[in-house]
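Examining the three-dimensional arrangement
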Amino acid sequence: GLSLPPPRPYPAQKSTKFNMTIALPLYTLLILYIIFLLAYAFFSFFAIYHLVRFGFQSLATFLMIFFYIALSVLVLFVSWQAVSGIDWTQEFILFESTVDSSLYF
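All residue numbers refer to position in the chain's written sequence, counted from 1. Where totals are concerned, whole chains, interfaces and linings use all residues; where local detail is concerned, this predicted model gives features only for residues with pLDDT of at least 70, and gives and counts side-chain atom pairs only at 80 or more. In computing side-chain properties, one takes all heavy atoms of the structure into account and sets aside hydrogens as well as water.

**Some remarks on a nonpolar patch on the surface**
Applied cut-off: In this scheme, patches are assembled from residues that exceed 30% relative accessible area and form no salt bridge. Like charges are connected within 9 Å, while nonpolar side chains (Val, Leu, Ile, Met, Phe, Trp, Tyr) are connected within 5 Å. Computed by Shrake-Rupley with a 1.4 Å probe, the accessible areas treat only the displayed protein chains as cover when residues are assessed. A side-chain nitrogen of Lys or Arg and a carboxyl oxygen of Asp or Glu constitute a salt bridge if their distance falls within 4 Å. Strands are runs of DSSP state E lasting at least two residues, helices are runs of H or I lasting at least four, and both sets are numbered from the N terminus onward.
Together, F18, M20, I22, L24, F92, L94 and F95 make up a nonpolar patch on the protein surface, roughly 680 Å² of accessible area in all. The set of elements that each furnish at least two residues to the nonpolar patch consists of strand 1 (17–25) and strand 2 (91–100). In terms of residue count, the dominant contributor to the nonpolar patch is strand 1 (four residues).

The following block contains the structure:
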């Protein structure tokens with residue numbers, strides 16, 4: 001009779017691994033923080049302006065304005081001390097994964 005040739009084995013698939021990483025540079029967080037500080041300064045300026053212009057001219061008003069400004073300066077100083085030692089060129093990894101292509105193809 002008629003005989004068929006033996007089946008050929010499938011070629012071995014290459015196992016290729018893909019590294020998937022989603023990362024943001026840290027300076028994007030710094031830019032967001034600077035935008036927040038600018039908005040804070042903008043609203044603070046108008047809040048203090050309205051307190052001085054339309055508020056009661058009393059010692060309590062000026063003490064509250066002084067307390068607000070002093071606390072704002074203190075927070076800015078502490079945050080400057082915290083962020084000055086950071087290397088802003090580093091990346092912040094949001095997601096990292098390794099995919100083996102031989103599992104899917």
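**Points about the packing of aromatic side chains**
Rules: Pairing of aromatic side chains requires ring centres within 6.5 Å, counting the rings of Phe and Tyr and the six-membered ring of Trp. Pairs whose planes differ by under 30 degrees are stacked, by over 60 edge-to-face, and all others tilted. Buried residues are those whose accessible area, probed at 1.4 Å on protein chains only, stays under 20% of the maximum for their type, while exposed residues exceed 50% and partly exposed ones sit between those limits.
Enumeration according to the criterion identifies five aromatic pairs in this entry. Centroid distance F42 to F46: 5.0 Å. Interplanar angle 70 degrees. Geometry classified as edge-to-face. With F42 and F46 both in helix 1 (residues 27–54), this residue pair falls four residues apart, about one helical turn. The class of F42 is partly exposed, set by a relative accessible area of 47%. Since its relative accessible area comes to 36%, F46 is described here as partly exposed. Ring plane angle 80 degrees and centroid distance 5.1 Å describe the contact between F45 and F46, whose orientation is recorded as edge-to-face.

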